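An overview of the molecular structure
Spelled out, the chains give:
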Amino acid sequence: MKKQGGWQSDADGHWKLCTCGVKLDSAAHTFVWVTDKEATAAEAGFRHEECTVCSYEKAAVKIPATGTAEEPTEPSADADTTTDDGSASPQTGDDSNIALWLAVMFISGMVLTGAIFCSHKKKYRR
């Protein structure tokens, strides 16, 4: 059992103790994460959960090392980020021709319409 700032606590909750020995304001902990040591590229860090009301602390847990020793770099000013038309939007890797796909869609629609028309004509010809 831990006593802090008028609060008494254990792993299950916190409360205030009256001078007559009665527990008052008994409640469950409300935990937030507190970082004790930030993780770096080479070393692991540590953090623990701490109650916002009574400051009860759970055991610290390990934060794994980030594994990268270098900071991310910004692209250089001479990097080619312009498109063929001169705009500054990034390349997406999609080099397909939209006109080709529209033509394929139009032809497919015409074939489907013709097939429906022919089957409808055969059905009512009898």
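In this report, we go over the structure that sits alongside the text. (Residues numbered from 1 in each chain as written. Predicted model: local features only at pLDDT ≥ 70, side-chain atom pairs only at ≥ 80, totals over all residues. Heavy atoms only, no water.)

Looking now at the pairing of strand β4 (residues 23-27). In terms of residue burial, β4 counts as a barely covered element, since only 0 of its 5 residues are buried. Note that strand β3 (residues 14-17) and β4 share 3 bridges and pair antiparallel. Residue His14 lies in a different strand from β4, and its bridge partner there is Ala27. The antiparallel hairpin formed by β3 and β4 contains 5 residues in its connecting segment, where Gly21 sits at a positive phi of about 100°. (Buried < 20%, exposed > 50% of the residue type's maximum accessible area, 1.4 Å probe, protein only. Helix = DSSP H or I, 4+ residues; strand = E, 2+ residues; numbered from the N terminus. Pairing = 2+ DSSP bridges.)

On the basis of which strands lie adjacent, the open sheet formed by 3 strands has the order β5-β6-β7 and antiparallel pairing. Strands with a single pairing partner mark the edges of an open sheet, and in this sheet they are β5 (31-37) and β7 (61-63). Neighbouring strand axes in the sheet, compared pairwise and without regard to direction, differ in orientation by 40° on average. Here strand β6 (residues 45-51) pairs with β7 via 3 bridges, running antiparallel. Bridge pairing in β7 places Arg47 opposite Val61. (Axes fitted to C-alpha atoms, helices over the stretch in contact; angles between N-to-C directions.)

The relation between two aromatic rings is expressed through the spacing of the ring centres and the mutual angle of the planes. Evaluated as defined, the whole model comprises 1 aromatic pair. With centroids separated by 6.5 Å and ring planes inclined at 55°, the aromatic side chains of Phe31 and Tyr56 adopt a geometry described as tilted. Linking Phe31 in strand β5 with Tyr56 in the loop between β6 and β7, this pair joins segments that are 25 residues apart in sequence. Look at Phe31 and you get partly exposed, because its relative accessible area is 26%. In this arrangement the basic side chain of Lys23 is found over the ring face of Trp15, its NZ or CZ atom lying 4.1 Å from the centre. It is Lys58 that lies over the ring of Phe31; its NZ or CZ is 4.5 Å from the centre. (Phe/Tyr/Trp six-rings, centres within 6.5 Å; stacked < 30°, edge-to-face > 60°. Lys NZ or Arg CZ within 6 Å of the ring centre and 35° of its normal.)

Taken as a whole and judged by the stated rule, the model has 2 salt bridges. Residue Lys37 pairs with Glu43 through a salt bridge whose shortest N-O separation is 2.8 Å. Taking relative accessible area as the criterion, Glu43 reaches 43% and is therefore assigned partly exposed. For Lys58, the salt bridge identified is with Glu49, shortest N-O distance 3.3 Å. The class of Glu49 is buried, set by a relative accessible area of 18%. (Salt bridge = Lys/Arg side-chain N within 4 Å of Asp/Glu carboxyl O.)

On the surface, a nonpolar cluster with roughly 660 Å² of combined accessible area is contributed by Ile98, Leu100, Trp101, Leu102, Val104 and Met105. You can see Trp101 is positioned in helix α1 (residues 98-125). (Patch = residues over 30% accessible without salt bridge, like charges linked within 9 Å, V, L, I, M, F, W, Y side chains within 5 Å. Areas by Shrake-Rupley, 256 points an atom, 1.4 Å probe, with all protein chains shown as cover.)

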